[in-house]
There are 2 protein chains.
Amino acid sequence: MRTLNVALGDRAYPIHIGRGLLDRAELILPHLKTKRVAIVTNDVVGPLYLDRLRSTLEAAGVRAASVVLPDGEVHKDWPTLNRIFDMLLAERCERSTTLVALGGGVVGDMGGFAAACYQRGMPFIQIPTTLLAQVDSSVGGKTAINHPLGKNMIGAFYQPKLVLADIDTLATLPARELSAGLAEVIKYGLIRDGEFLGWLQHNLERLMARDPEALVHAIEVSCRNKAEVVAADETEQGERALLNLGHTFGHAIETGLGYGEWLHGEAVAAGTLMAAELSCRLGWLDEAGVENIAALFERAALPVRGPKLGVERYLELMAHDKKVEAGRLRLVLLRALGQGVIHGDAPQADIVAAIEARCR
Amino acid sequence: MRTLNVALGDRAYPIHIGRGLLDRAELILPHLKTKRVAIVTNDVVGPLYLDRLRSTLEAAGVRAASVVLPDGEVHKDWPTLNRIFDMLLAERCERSTTLVALGGGVVGDMGGFAAACYQRGMPFIQIPTTLLAQVDSSVGGKTAINHPLGKNMIGAFYQPKLVLADIDTLATLPARELSAGLAEVIKYGLIRDGEFLGWLQHNLERLMARDPEALVHAIEVSCRNKAEVVAADETEQGERALLNLGHTFGHAIETGLGYGEWLHGEAVAAGTLMAAELSCRLGWLDEAGVENIAALFERAALPVRGPKLGVERYLELMAHDKKVEAGRLRLVLLRALGQGVIHGDAPQADIVAAIEARCR
Ligand SMILES: NC(=O)c1ccc[n+]([C@@H]2O[C@H](COP(=O)([O-])OP(=O)(O)OC[C@H]3O[C@@H](n4cnc5c(N)ncnc54)[C@H](O)[C@@H]3O)[C@@H](O)[C@H]2O)c1
Ligand SMILES: NC(=O)c1ccc[n+]([C@@H]2O[C@H](COP(=O)([O-])OP(=O)(O)OC[C@H]3O[C@@H](n4cnc5c(N)ncnc54)[C@H](O)[C@@H]3O)[C@@H](O)[C@H]2O)c1
Ligand SMILES: [Zn+2]
Ligand SMILES: [Zn+2]
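Chain A is annotated in an unreviewed UniProt entry as 3-dehydroquinate synthase of Thauera linaloolentis. UniProt's Sequence similarities (unreviewed entry) comment on chain A is quoted here verbatim: "Belongs to the sugar phosphate cyclases superfamily. Dehydroquinate synthase family." The Subcellular location (unreviewed entry) field of the UniProt record for chain A holds the comment "Cytoplasm".

Structure (structure tokens):
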């Protein structure tokens, strides 16, 4: 097992990464305020792992309530969130009860937001079970639900007490979801870790084959990168925005197609290529650099072009994005491979050309 | 105009109290990040004051969107909150837009919670227009909506950038609402300010007559008391719970009758008498002390007995209250007039007797 620390002062917390962690009550117990938890999961992950987690906790004398939500990004909405509140109130959970989110990023984002709001804040623990959640969404304290007019529009910054990434749970993950997670892994290399990018160039097939040692390494380095960025900029005033490489374009893809058509990571991959094309037009990357990125994503079975929504629609959807500041679109671009930069002055014509270059 | 400061480090903010403040753009402008605001009000307060506030802002070059919610505690719920999000998204408000809550505690709590959640947090300003909101709900950063199973169950701790209490707006307040606000004013005297309690004994009729000088003084002292408590204990781990004198009983009354039957302040008044009866049974207050409190509330035209819900129902509803810690009911009681205390060990029989003594 590897352990990282997210340095956030009195809100600091550990991330444990390794095998068989669902069986280890001693990792969880020190973080509970009382011997009560409320587990939030969904109808795909629940049947696979809920009983195991519950047995581990109950054997340690912890009382565990639970709610099983319907699976999917389409349910990352208020009515589903409200089912968590219904359970917490029906079970008379207290402010000192710990909410445990067991699942992918959707369960983590909703569980975290419910914990942030229930009685104005209860402690919570993330047990991410997708690669994407293990390397990205479970770390950093962003929580949210979607609104019909925009993704993640309603949420909170709220830190967990603990993140437990049991890589054994990845065994049951569909291949497409594994790939989606790799999009975020590659992202860390691109924005701030050239060395890791090199390691990925050499080890991508091991990750695709779910080699445990390679997975633990990739998750650890990814989390370390994310934790460093988050610690420097908890509420996304500056540097943290780097983590959004490919995301402004990507969110336009997700919203434009309707939530759930493309996976988040798939949209991010295509969006990253758009950002790379734009960086190329600004003279920061050469064409070989762009192709280098495309090749890596293709080895991870990820799309390197966005859907044909029409450039106008892309621009309209991007204007709704949170990265708009006083009407100006701030984009994360690449100064070089391994060096992301936040840029608010890209000429409209270049943005249009970059989108067009990467629409099917 | 009087100005107080709520000392919360980098989240500190001023409270201005006085006449004609709705016309003074110069009080608001320094607190805006950009020249855009989104005003949240309701269909009672909006017709009275929205145009004036909007003119003040627009004359100063501030663009103001707005939403007018249906009036009433029954609408302090998710569908109504969502109308704020709909407006913010339809108007393409950004994370840097400032939300302005113009109204009583319901508008303030919902506006504040919307601001806490929209894009994970936008700045907000409170312009409270009821006495209760001016002395209590607008100060301290508690925001929330109700859930069918409990009041204020879903919310956030989220501080405003500014509180603007224009006492001229109290001219249109119904008498019953003025009284309800006085319940919270009297509360500050009871829990921590014996001198203010003395002032109230002498000046209650001036307040009932809405004498501006008396109102400014009472609001200032109330806010100072609340601000001190909040600064010492922002997230209600300890001392802040003192502010809940009468509230655990009071929330049982509000929930038991259905939201909106009794006003919050009325329920608090009756609840405070239950707390006083219990304090008497514990030997802390004598009967004269209890009568002293009852007399003050009666001069403020407030109830000094709760509705006959049945003791069992009171206890059941109180068990749902947030002030339950590991199953134990923590109550705010009075050691003496002017000295509140948090107590978790009151014998059940005494709690029952106190409720019975104060049920019609
Ligand atoms: N909070 C953040 O900082 C952040 C960062 C990135 C993404 N996100 C959010 O995360 C979400 C995407 O997360 P995701 O990719 O994990 O999606 P997801 O939660 O929908 O999981 C993907 C699918 O895999 C299933 N699944 C989960 N674990 C499994 C397992 N071990 N075995 C088999 N199936 C399993 C899920 O039920 C789902 O069907 C999006 O809503 C996105 O907005 C949040
Ligand atoms: N956040 C906190 O710390 C806190 C503290 C105490 C109470 N509260 C909450 O505050 C709410 C009660 O607040 P409230 O008593 O202000 O109720 P309210 O907001 O419902 O206002 C009372 C009534 O007066 C009307 N009104 C408001 N201003 C007016 C004016 N100037 N002239 C004429 N009519 C006016 C309102 O529209 C409403 O009909 C409750 O929901 C309670 O939970 C919150
Ligand atoms: Zn992402
Ligand atoms: Zn109150």
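More follows now that the structure is in view.
Moving on: the coordination of the zinc ion (ligand 4). Residue and element names in this part refer to chain B. Taken together, the protein donors to the zinc ion (ligand 4) comprise E184 (OE), H247 (NE2) and H264 (NE2), at separations of 2.0 to 2.2 Å. In the primary sequence, the donor residues of the zinc ion (ligand 4) line up as E-x62-H-x16-H. Residue E184 is located in helix α6 (residues 175-192), and its partner H264 is located in helix α10 (residues 264-281); the two are separated by 80 residues in the primary sequence. Classification of E184 as buried rests on a relative accessible area of 0%. Assessed through its relative accessible area of 21%, H264 is described here as partly exposed.

Moving on, we come to helix α6 (residues 175-192) of chain A. Its 18 residues give α6(A) an end-to-end C-alpha distance of 27 Å, which sits within 8% of 26 Å, the value for a rise of 1.5 Å per residue. Of all 18 residues in α6(A), 14 are buried; the element is thus mostly enclosed.

Moving on, we get to the sheet that holds strand β2 (residues 13-18) of chain A. Across a sheet, paired strands are connected by hydrogen bonds in the backbone, their directions being either parallel or antiparallel. Residues and elements named next belong to chain A. The mixed open sheet is built from seven strands, whose spatial order is β1-β2-β9-β6-β5-β3-β4. For this open sheet the edge positions go to β1 (2-6) and β4 (63-69), each flanked by a neighbour on one side alone. The average angle at which neighbouring strand axes cross in this sheet is 15°, direction not considered. Judged from the four bridges that link them, β2 and strand β9 (residues 162-166) form a sheet pairing that is parallel. The residue bridging I17 from the neighbouring strand is A165, located in β9. Where helix α3 (residues 78-90) meets the sheet, its contacts fall on β3 (36-42), β4 and β5 (98-103), and the angle it forms with β4 comes to roughly 155°.

This brings us to the site of ligand 1. All names here are of chain A. Around ligand 1 lies a shell of 27 residues, among which D71, E73, G105, T130 and T172 are the nearest. K76 places a side-chain nitrogen or oxygen 2.7 Å from an oxygen atom of ligand 1. For ligand 1, a nitrogen atom lies 2.8 Å from a polar atom in the backbone of T169. Protein chains shield 91% of the accessible area of ligand 1, which is 860 Å² for the free molecule. The residue inventory of the shell around ligand 1, partitioned by class, reads eight nonpolar, 10 polar and nine charged. When residues of the shell around ligand 1 are sorted by domain, at least three fall in each of domain 1 (2-172) and domain 2 (175-357).

The next point concerns the sheet that holds strand β4 (residues 63-69) of chain B. Residue and element names in this part refer to chain B. Taking strand neighbours across the sheet as the criterion, the seven strands line up as β1-β2-β9-β6-β5-β3-β4 in an open arrangement whose pairing is mixed. In the strand order of this sheet, the two ends are held by β1 (2-6) and β4, each with one partner. Taken over all neighbouring pairs, the strand axes of this sheet differ in orientation by 15° on average, direction set aside. Pairing geometry for β1 and strand β2 (residues 13-18), over five bridges, is antiparallel. The residue bridging R2 from the neighbouring strand is I17, located in β2. Across the sheet, helix α3 (residues 78-90) touches β3 (36-42), β4 and β5 (98-103), and the angle it forms with β4 is around 155°. Its contacts with the sheet put helix α8 (residues 212-232) on β1 and β2, and the angle it makes with β1 is roughly 10°.

All right, on to the UniProt feature "domain: 3-dehydroquinate synthase N-terminal" (unreviewed entry) in chain A then. Taking the numbering used here, the UniProt-annotated feature "domain: 3-dehydroquinate synthase N-terminal" (unreviewed entry) corresponds to residues 67-179 of chain A. Regarding residues 67-179 of chain A, the helix share stands at 34% and the strand share at 29%, and the terminal C-alpha atoms are separated by 28 Å.

So, how was this worked out
Residues numbered from 1 in each chain as written. Chains lettered and ligands numbered in written order. Predicted model: local features only at pLDDT ≥ 70, side-chain atom pairs only at ≥ 80, totals over all residues. Heavy atoms only, no water. UniProt positions renumbered as here; feature names shortened; annotations may be inferred. Donors = N, O, S within 2.8 Å, 3.2 Å for Na, K, Ca; no water. Helix = DSSP H or I, 4+ residues; strand = E, 2+ residues; numbered from the N terminus. Buried < 20%, exposed > 50% of the residue type's maximum accessible area, 1.4 Å probe, protein only. Expected span 1.5 Å × (residues − 1). Pairing = 2+ DSSP bridges. Axes fitted to C-alpha atoms, helices over the stretch in contact; angles between N-to-C directions. Contact = heavy atoms within 4.5 Å. Near = heavy atom within 4 Å. Polar contact = N/O pair within 3.5 Å; in protein donor to acceptor, adjacent residues only side chain to side chain. Areas by Shrake-Rupley, 256 points an atom, 1.4 Å probe, with all protein chains shown as cover. Nonpolar A, V, L, I, M, F, W, Y, C, P; charged D, E, K, R; others polar. Domains from an automatic or database assignment.

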